[in-house]
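Here's the letter readout for the chains.
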Amino acid sequence: MKSSIYSPINATSMGTYFRRWISILCFVVIGLPIHSQIISVVSYQKISNFEGNLLPVLAGGDQFGGDVTEIGDLNDDGIVDFASYAGGDDTGGNLKGALYILFMNSDGTVNHQQKISDLDGNFTFALQAEDRFGGDIAALGDLDGDGVEDIAVGIPNDHNASGANRGAIVILFMNTDGTVDHYSLIHKNTGYQGGGGVAGLQVNGYFGAQMDAIGDLNNDGVVDLVVGVANRDNTATDDGEVRILFMNTLGKVIADQKISVGNGNFTGLLEAGDRFGQSVSNIGDLNDDGINDIVVGAKGDDDGGTNRGAVWILFMNTDGTVNHHQKISNTEGNFTGVLDNNDEYGGAVSDMGDYDGDGVEDIQVGAPLDDDGVGFNHGATYILFLDTDGTVKSHQKISSLSPGFTTPLEQNDWFGGAVDFIGDLNGDGYGDIVVAAAHDGDGGVFAGALYVIFLELIATPLPVELLEFNATMNYENRSVDLDWTTAAEINNDYFTVERSKDGYNWEGLFSVQGAGNSTSMNSYSGLDYDPQFGVSYYRLKQTDYNGDYKYSNPVSVVRLDGSGTSNHYIYPNPATNALNILVDERPNSRLSISIYSVTGQLVHQQTEISSYGTQELKVDLSNLSAGSYMLVLEKFDGQFQRFKFVKSE
C-alpha cells in the first residue's frame, strides 16, 4: 500500500482494511483483464497551495506529500479519503510535523480537510521540535471495531525513546471528522502488550519512517504492520532492515520479527547504503500460498550503477519470516526499464491489485530522482505487471514525458517520492493512483503537492475481429445467454467463456471451437445454466493453435433471485442524470424512494408500485447538485434499505 520519501533530518541538518474498492454494480471492471496491457493517463488533478481545493495553508519547506495513503472512507460518504504527511510543518515548534486528512471528491479535488499536529485535531501527544510527526502512514481499517477507520503514523525523529531519532509509531484511533479519539504509542520503551517496547532500535535509526498494514499475517483476527527501518546498521552502515509487528486491537504489539541480513530467514545480499526498508507495502498473496507477501524498496542499491535502486519481493511465512525472495533491479527480476545513477528506484512502493486481470498482483514503484524532462530530479513512477515468482512480465513508466500527463514537472520536484493505489476514484471502471511531489514549489520552496492520476487500461485486440460480445439474463430459463460474433479470425483454435463474481478471480465455464482462419462473419453462443446471484462478469479467452491467448473486455449481468425477498441494486454509481434501481418484489408492493443530502436534508421523493418479478425503476437526478447522497428504499411494511451514491457533473 505504502511508501514514503522520508529522508532523515536530525537536529543539525480486517474489516475495512482493504483499499481496493469496487462498487456493487460496476459495469466495467477496475483493471480490464487482458493478456497484454497498455496503461494510459486519461487526466490528472494536482493538489497543492494553488490547485485542487486544498486550503492554502502550506508554507515553504512543509514538504506536503512526504507520504500519502488512501485510508478508506473515513466520513462514510462513499468516496475514499487520503492522509498526507507534511514533515516540515512548524505548528507548535520547529519541524514538529503534521498530518492532513483529506476528504476527497470523486474528481480528485479536496472536499474539506482536517489537520492533525501538535495543536490541531485533538492529538494530545507532546511532540518535540524536529520530531517530524507523520513520517509515514498506514491504513489499518477499523482496528478497534468502533466502525471508524484507524491509522498508524510514524514519528521518525522521535527523541523520547532515550536517544535522538530512534523513532516511534503512534496508532491513531480516529473520529469520522478526521480528528483523533485516542492513541497508542510504540517505541523503544513502550508499546508492547505486556510492557516494554521494541528492542534493538538504534540512535538515528528513524523507526516509523516507512510502514504498511500487512493484513492478518498470523491469523489471529487482527491486522499486523510491516515497518521499514532503512537507516538501521546491521552488517554495514545503512544496509537497513524490516520489522513485522504483530498487533492487538488496542494498538499494542504482541510480538515482532526482524528481517535483515542473517535474520528472519532472509538470504539476500545487502551492502552499505542500500537502505533496505526505504519503502514497504503489502502486495497480497502473490504466489497463491494463502499468505500475504510484501515488497521492500532499497533505494541505495547499486545494481548497474550508483544508487539506481531496487525492490525486493518477500514471500512470507505466517511467523513473519521470509520463505524466499526475488530481487527486481537494473540487473535482476526481468525488469527492462532504463535506470540511471541516483534514480533511487524503490524510494516508494505500493500494491496495484491485479490491475491487468491476469490473476497475479501488480505493484507501483517510485523513482523520485529520475531525470525525465529538462533538468534533473523531476521524478517518475513505474507500474510493474508481475508473474507469480515475483519477476516482471512488463512495465509502464509515468513521468513528465508520458502522453496524457502534461503537467510541467520541475527540477527537484521528486515526483514519485510517495505513491499509492486508490481504487476507482472517479467511477470510470479503472483503478487510479496518487503520486506525491513533496518538493513542488506551489506557494513556497518545497511546499509540496499531490497528483491524483486517472488511468485506463487499453486492451490489446484479439487476433480475431470481435464485433460484439453480449451477456443477457434470461429469467424465464434462469440462465445467462452468452453470444458473440466475429468478422475475421486468424489461427483461432477455440474460445473459453470465463465468469467472475468480483472482476478479479475468474473461472472457466465452457469452450467453443473457433473457425481457425476465416474472413467471413461467424456467430457463437452458449449458456450459463447456473448463474450467480447479484453481479457477475463474463469475458472471452481466445486461444491460438500455438497456445497463445488473449482476453476480451468483460461484460456484466445482474441476477436477482425472483423470490420477492427484497433483492435490490442501484446503478450506475457514480451517476449523472439518472439512477436505476433493480428491484425484486411481490406484485403491487408499494415502494417509497427518498434521497437525502449529506446534511440529512430530503431532496427527492417518489413512490412506485411494483409489478411481478424483477423490474427496473428510474430516479431522475437532473435537479440534484453534484455530491454524495443517501437513497432510502422503503417498503409498505416499514422495511427499508439504504444505498450511498455519488451524483457527478
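Scroll up a little and you will see the structure.
So, how was this worked out
- Numbering of residues starts from 1 in each chain and follows the order in which that chain's sequence is written.
- Reporting in this predicted model follows two pLDDT cut-offs: at least 70 for local features of residues, and 80 or more for side-chain atom pairs to be given and counted; totals over whole chains, interfaces and linings ignore these cut-offs and use all residues.
- Calculated side-chain values reflect all of the structure's heavy atoms, with hydrogen atoms and water omitted.
- Where helices and strands are cited, they refer to DSSP runs of H or I of at least four residues and of E of at least two residues respectively, numbered from the N terminus.
- Per-residue accessibility takes into account occlusion by the displayed protein chains alone, with areas from the Shrake-Rupley method and a 1.4 Å probe.
- In the analysis that follows, any N or O atom pair within 3.5 Å is treated as a polar contact, provided that within protein one partner can donate a hydrogen and the other can accept it, and provided that, for residues neighboring in sequence, both atoms belong to side chains.
- Whether two residues are in contact is decided by their heavy atoms: any pair within 4.5 Å suffices.
- We call a set of buried residues a nonpolar core when its members are Ala, Val, Leu, Ile, Met, Phe, Trp, Tyr or Cys and they connect through side-chain atoms within 4.5 Å of each other.
- Burial classification: accessible surface area is computed with a 1.4 Å probe over protein chains only, and a residue below 20% of its type maximum counts as buried, one above 50% as exposed, and the rest as partly exposed.
- Two strands qualify as a pair provided DSSP detects at least 2 bridges between them.
- Helix axes are fitted to C-alpha atoms over the stretch in contact, other axes to C-alpha atoms as well, and angles between N-to-C directions run from 0 to 180 degrees.
- A pair is scored as a salt bridge if a Lys or Arg side-chain nitrogen falls within 4 Å of a carboxyl oxygen belonging to Asp or Glu.
- Pairs were defined over the aromatic rings of Phe, Tyr and Trp, the Trp ring being its six-membered one, requiring ring centres within 6.5 Å. Orientation was assigned from the angle between planes: stacked under 30 degrees, edge-to-face over 60, tilted for the rest.
- Each ring is checked for a lysine NZ or an arginine CZ that lies within 6 Å of its centre and within 35 degrees of its normal; such an atom marks a charge sitting over the ring.

Mind showing me how you'd approach the overall build of the protein chain here?
In terms of helices and strands, the protein chain carries zero helices and 38 strands. Accessible surface, the protein chain: about 22,900 Å² in total, of which carbon and sulfur atoms supply 47%.

Teacher, can you tell me more about the side chain of D351 here?
Position of D351 relative to the elements: it lies in strand β18 (residues 348–351). Of the polar contacts made by the side chain of D351, one reaches the backbone nitrogen of G353; its length is 3.4 Å.

What exactly am I supposed to notice about the side chain of D370 here?
Here D370 lies in the loop between β19 (362–367) and β20 (380–386). There is a polar contact of 2.9 Å between the side chain of D370 and the side chain of K397. Not counting the four nearest positions on each side in its chain, D370 is found in contact with D343, N377, H378, G379, A380, Y382 and K397.

Would you take a moment to explain the nonpolar core for this structure?
Buried together is how nonpolar side chains tend to be arranged in soluble globular proteins. Judged by nonpolar contacts, the single largest core of 24 residues is most densely connected at L99, I101, F133 and L172. For this core, the elements supplying multiple residues, two or more each, are β3 (81–86), β4 (98–104), β6 (137–141), β7 (150–155), β8 (168–174) and β9 (180–186). Counting residues per element, this core draws most heavily on β8, at four residues. Ignoring any residue separated from it by four or fewer positions in sequence, one finds I101 in contact with I71, L74, F82, A83, H112, Q113, Q114, I116, I151, M174 and G178. Ranked by size, the runner-up nonpolar core spans 23 residues in total, among them I47, A418, L450 and F454.

For this particular structure, what's the right way to read the sheet that holds β20?
Adjacent strands of a sheet pair through backbone hydrogen bonds, lying either parallel or antiparallel. A sheet is described by the order of its strands in space; here four strands give the open sequence β18-β19-β20-β21, paired in antiparallel fashion. Two strands bound the open sheet, and with one partner strand each, they are β18 and β21 (392–398). Across this sheet, the average inter-strand angle for adjacent strands is 20°, counted without regard to direction. As defined by bridge partners, β20 adjoins β21 across six bridges and the pair is classed as antiparallel. Residue I383 lies in a different strand from β21, and its bridge partner there is Q396.

How should the pattern of salt bridges be read in this particular structure?
Side-chain pairs of opposite charge can arise where the charged atoms are in close proximity. According to the stated counting rule, one finds 21 salt bridges in the structure shown. Residues K644 and D73 are paired through a salt bridge, measuring 3.5 Å at the closest nitrogen-oxygen approach. Remark: D73 occurs in the loop between β2 (64–72) and β3 and K644 occurs in strand β38 (residues 640–647); sequence separation between them is 571 residues. Overall, the relative accessible area of 17% leaves D73 in the buried class. Of the charged contacts in the structure, one is a salt bridge between D238 and R275, with a shortest N-O distance of 3.1 Å. Separated by 37 residues along the polypeptide, D238 in the loop between β11 (224–229) and β12 (241–247) and R275 in the loop between β13 (253–259) and β14 (276–284) bring together distant segments of the chain. Each of R232, E241, R243, D256 and K258 takes part in salt bridges that share partners, so that together they form one network.

Looking at this structure, how should I read the environment of G72?
Relative to the elements of secondary structure, G72 occurs in strand β2. On the basis of relative accessibility, which here comes to 11%, the residue G72 falls in the buried class. The sequence separation of G72 and I422 amounts to 350 residues, and the corresponding C-alpha distance is 8.9 Å. Contact partners of G72, with chain neighbours within four places excluded, come to V80, D81 and E149.

When you look at the packing of aromatic side chains in this model, what are you seeing that I'm missing?
Ring pairs (aromatic) are described by centroid distance and by the angle formed between their planes. Inspection of the entire model under this criterion finds 23 aromatic pairs. Consider the rings of Y345 and Y382, whose centres lie 5.6 Å apart with planes at 85°: the pair is edge-to-face. With Y345 in the loop between β17 (322–328) and β18 and Y382 in strand β20, this residue pair connects regions lying 37 residues apart in the sequence. Using a relative accessible area of 0% as the deciding quantity, one classes Y345 as buried. Judged by centre distance (5.0 Å) and plane angle (65°), the rings of F495 and Y524 are edge-to-face. Taken together, the residues F495 in strand β26 (residues 479–500) and Y524 in strand β28 (residues 522–528) connect sequence positions 29 residues apart. Note on accessibility: F495 and Y524 belong to one class, buried. Grouping aromatic residues by their ring pairs yields a cluster made of Y44, F405, F415 and Y451. The ring of W506 carries R539 above its face, with NZ or CZ at 4.2 Å from the centroid. In this structure, R539 packs its charged tip against the face of Y551, placed 3.7 Å from the ring centre.

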